[in-house]
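Summary of the model geometry
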Amino acid sequence: MSEQGTGRMTPIGLHRALDAIWRAPKGLAAFSTVNHSVVGRRFIVTAFVFFAIGGLMAMLMRAQLARPQNPFLGPEVYNQLFTLHGTVMMFLFAIPLIEGVALYLLPKLLGARDLAYPRLSAFGYWCYLFGGVAILASFVFGVAPDGGWFMYVPLASKAYSPGINADVWLLGVTFVEVSAICAAVEFVVTVLKVRTGGMALHRMPLMAWYLLITAAMMLVGFPPLILGSVLLEIERAFGWPFFAPDAGGAPLLWQHLFWLFGHPEVYIIFLPAAGVVSTLIPVFARTRIVGYAWIVAAIIALAFLSFGLWVHHMFTTGIPHLALAFFSAASTLVAIPTAVQIFAWTATLLKGRLHLSLPMLYLLGFFSVFIFGGLTGVMLAIVPFDWQVHDTHFVVAHLHYVLIGGFVFPMLAAVYYWLPLMTGRLPVFSVSRTAFWLIFIGFNTTFLVMHLTGLLGMPRRVFTYEAGLGWDLPNLISSFGGFVMAAGFAVFTLDLVLQFRFGRRFRRNPWKGTTLDWAMPTPAPSYNFAALPRVSSRDPLIDDPDLGAQLARGEGYLGRVRDGQMETLGVDMATGEPDQIIVLPQNDYLPILTALSLAIFFGCFLFGFYAFSPVGLGLAAVCVWRWLWSMGAKNDGEPEAAGLGLELPLYHSAARPPVWLGLIYFLVANGTFFASLLFGYLFLWTIAPNWPPPRMIEGGIGLAVLTASGLILSAVSAGRARALNASARPGRDLFQALAGIFSVLGGAGLVAILIMAAPPPTGHAYGAATAALLGYGFLHAGVGALFSAYAVARGQAGFISPVRATDARAPALWHAYTAVCALAGLVFVYGLPLAMGGGA
Amino acid sequence: MSGDGRFSGLNLLWLVAGFTVWSSGFVLLYGVHAIGCRAGWPGMELGPLTVQRAVLLAIWAAHLAAGLALFVPLHSAAKRWTGPAGDFLKGASALVTLAALVSTLWIGAPVLFLETCR
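Residues numbered from 1 in each chain as written. Chains lettered and ligands numbered in written order. Predicted model: local features only at pLDDT ≥ 70, side-chain atom pairs only at ≥ 80, totals over all residues. Heavy atoms only, no water.

**Quick look at helix H2 (residues 36-65) of chain A**
Over its 30 residues, H2(A) runs 43 Å from end to end, which matches the ideal 44 Å to within 8%, given 1.5 Å per residue. The N-cap of H2(A), judged by a side-chain oxygen 2.8 Å from the amide nitrogen of A:Ser37 a few residues on, is A:Asn35. (Helix = DSSP H or I, 4+ residues; strand = E, 2+ residues; numbered from the N terminus. Expected span 1.5 Å × (residues − 1). Polar contact = N/O pair within 3.5 Å; in protein donor to acceptor, adjacent residues only side chain to side chain.)

**Focus: the state of the cysteines**
Tallied over the entire structure, the rule returns 1 disulfide over all chains. Note that B:Cys37 is cross-linked by a disulfide to B:Cys117, the S-S spacing being 1.9 Å. When the S-S torsion is -95°, as for the bridge of B:Cys37 with B:Cys117, the disulfide is left-handed. Residue B:Cys37 is located in helix H1 (residues 14-39), and its partner B:Cys117 is located in the segment after helix H4 (83-108); the two are separated by 80 residues in the primary sequence. In this structure B:Cys117 comes out as partly exposed when scored by relative accessible area, which is 28%. Lacking any disulfide linkage, A:Cys127 is separated from the closest cysteine sulfur, that of A:Cys182, by 6.1 Å. As a non-bridged cysteine, A:Cys821 has A:Cys182 as the owner of its nearest cysteine sulfur, 20 Å distant. (Disulfide = S-S within 2.5 Å. Buried < 20%, exposed > 50% of the residue type's maximum accessible area, 1.4 Å probe, protein only.)

**Section: the UniProt feature "transmembrane region" (unreviewed entry) in chain B**
Residue and element names in this part refer to chain B. Per the UniProt annotation, the sites labelled "transmembrane region" (unreviewed entry) are residues 12-33, 54-74 and 94-114. As annotated, residues 12-33 has a helix share of 91% and a strand share of 0%, and its two end C-alpha atoms lie 33 Å apart. Between the C-alpha atoms that bound residues 54-74 the distance is 30 Å, and the span itself is 95% helix and 0% strand. (UniProt positions renumbered as here; feature names shortened; annotations may be inferred.)

**Some thoughts on the packing of helix H3 (residues 75-110) of chain A against helix H4 (residues 118-140) of chain A**
Helix packing for two helices is described by the angle between their axes and how far apart those axes are. Residue and element names in this part refer to chain A. At a minimum axis separation of 11 Å, H3 and H4 run at an interaxial angle of 165°. Taken together, the axes of H3 and H4 lie roughly antiparallel to each other. The chirality of how H3 crosses H4 is left-handed. Facing H3, whose interface residues are Gln80, Leu81, Leu84, Thr87, Val88, Leu92, Pro96 and Leu103, H4 presents Ser121, Tyr128, Gly132, Ile135, Leu136 and Phe139. Along the lines of polarity and charge, the residues of the contact of H3 with H4 split into 10 nonpolar, 4 polar and no charged. (Axes fitted to C-alpha atoms, helices over the stretch in contact; angles between N-to-C directions. Parallel < 35°, antiparallel > 145°, perpendicular 65-115°, else oblique. Left-handed = near helix turned anticlockwise from the far one by under 90°. Contact = heavy atoms within 4.5 Å. Nonpolar A, V, L, I, M, F, W, Y, C, P; charged D, E, K, R; others polar.)

**Notes on unusual backbone geometry**
Residues and elements named next belong to chain A. Put simply, Thr522 and Pro523 share a cis peptide bond, and its omega is -10°. Among the secondary structure elements, Pro523 is positioned in the loop between strand S3 (504-505) and helix H16 (540-543). The omega torsion across Trp691 and Pro692 is 0°, close enough to zero to call that bond cis. You can see Pro692 is positioned in the loop between helix H20 (658-687) and helix H21 (701-726). Although it is not a glycine, Arg461 adopts a positive phi angle of roughly 55°. Residue Arg461 is classed as partly exposed on the basis of its relative accessible area, which comes to 27%. The backbone phi angle of Asn690 is positive, close to 60°, even though this residue is not glycine. In this fold, Asn690 is placed in the loop between H20 and H21. What makes Asn690 partly exposed here is its relative accessible area of 46%.

Quick look at the structure:
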């Protein structure tokens, strides 16, 4: 082992040694980059490019609506524009921008050198890019989605959207959502596990709390949308009528699945922005945040409550009043945790002395716009009012006040606050302030009057209107304001370019920030910290303003280079005490290759080459196999010196390595997907028209018992393999192989039930939903078999020991999950016909 | 060891326990309400109530009781949380659990007086 470190190297020497192993490669090799700063920047830049495109689309729409009977755009193009504008802003701008900011900032805030899974971040970026480009390219070819950003059925069904427009949305958005799920797992594990020493829960920067809770919401919020998209795409491709009412399907099921995602999505967007506010206000008030624990409690409450609001988008769909009241009550409740945060921010401002710098200016814009949007939100939460303005421009105005006020203004503040960390330069102030006022005035001119347009009855999503309805002048004002706002964003872009080129250089911490992101040189080096700090408060730079210089000298944890490895600390989730050294992967082409494999899968589906789509999945499986294989070690190794007198095991020999936690959180997302499927199944039984179905499942009870037994035996065998490994007894690989075999048999049993006992999936929604449940179990049994095969191969190759146990534990967890889901699925398939009438 | 107290990461689940009960109540109220409407429970009487309202009230009451009862094990667990990290966890968990209880009270209240299936 070779080690270079404290006492032997100057700060410059240490910088050079670390940079040599952490810096991103140039040229074609840049496609292999996994460094979080680079991937984060790519996300951010790409998101802003999509934002500019979405903004241009908005300008085209505003030009069209500027006067009545305007011949500028036809209805077909207008439909594509409003659909793409919403889709781009929500899926290709807002969420990816959050991902990019979190990717870039989280390790810096947490005192780490990178995220838990750098390759997963890179993979997520490529999925986002490929999916986003596909969605936008469809506009160029005139086949862009045109059914609204929420793609309601039956409009988006094959009968009414026969082209590939809707498929572009369903497949493109799902591809992009793969990226979001990856990011969510990444952020949860990183915040909980990849922090610096001493950073206990109560010392985490609030931004980390916000991002942790946002990521957890993404894990639970996105799977219903992915499920809905998968079901609708299957309906369109193969005729399984999940949403077709004449065959027992329910259009309302789509709305439920969409808004189960869609409303939490608003808070998924808002919370990180609120994190920015909670971070910046104490800095510019020159004090510490008031009510830290209250804010944490408020965002947890907000996260849960936001999942109880989805039906407030469906108040006019004929749902009984009592059910509406549940959602109306929850909708009013969210104002309270939001208010708790606003009061905490206000109290912090009052406690300190406000320094009105540029980021703070944007935050004041946020306050005024978002509070106004929040108030109209409370109005819309009241059912009778919502009925009056549903689908009018009032709702358009409200959502823009919430999203631009609650997200865009804080994110612009974030850009100005953290851009110097990237560039090492400060903005050119006069231009920045001009940009702010143009955006602020333009925004309010556009959308304030739009409330009136809505109250006057103008519906959303109409490409033109008659003169003399009272809508002419408000529309003209809105269009004028829209162009002023666009000019503001153009000036903002110019300002960023000027900052990169002519901005004033500074040495360290220009805003007097108190968190670890400012305890590093600027521009931030590729490795973030030459040594990782030991923190003892929430504001380490208040405690020790000289901390950055100490870290640059290598005074802290891991202040050295060992064997050219990329290292960071893993800690106990609650106390922040270091418990392992995480060795991170080097640059790798596997992320982009895996994303390309998925692109083949989605592309084949899009163009109807269904038979070839498994090729993409197969290639992806090969990539994932190689990806996983590259981790771990063939010997337990000794604890390594981690600095500050501490010796720690390497990650593969630790009790809770990040990959283990990642699997758990992936299963949380997966479990939500399955729960949504069960919800859909039950919903169809209870709500959909044309039930009971003409034919239900017939016989096969014995087969179902055998199938369930096979999957239980699979879980038991994998559990036995894990136990044998833990106690270093022989037979581990044998039981692992048995687990794989039982898994294959269980999967075959599910297919046999589908073929022999279940009705065809194309005749009625019952058959389709039954096939979906059984198919879910089959897919998981298949993956489980692969998982066991992989574990056997790893065991034979010497990667598994009682200490290095993750490869033995992971299949056991997977098989247990599969068995539980398959059992639940079989209970639904065989039990519901008995319970609801009809008989099996 | 920094004196921050030593407790398992599983203790973090106390931060979400209260609202997990709330979520269960919310989902059951909404789901059972739909099932009851389909099954004709509003037409079946159970003493002074309809079966539909009685079932919904029972769900609501059970979740209120569960939300309230959570404070007992939370209090016991919190005694073992020491140091500043423990104090933070105690305070935040108590706040969230209380907020969840009040939220359960609020969202279920319409069961008391609204028509159930119209």
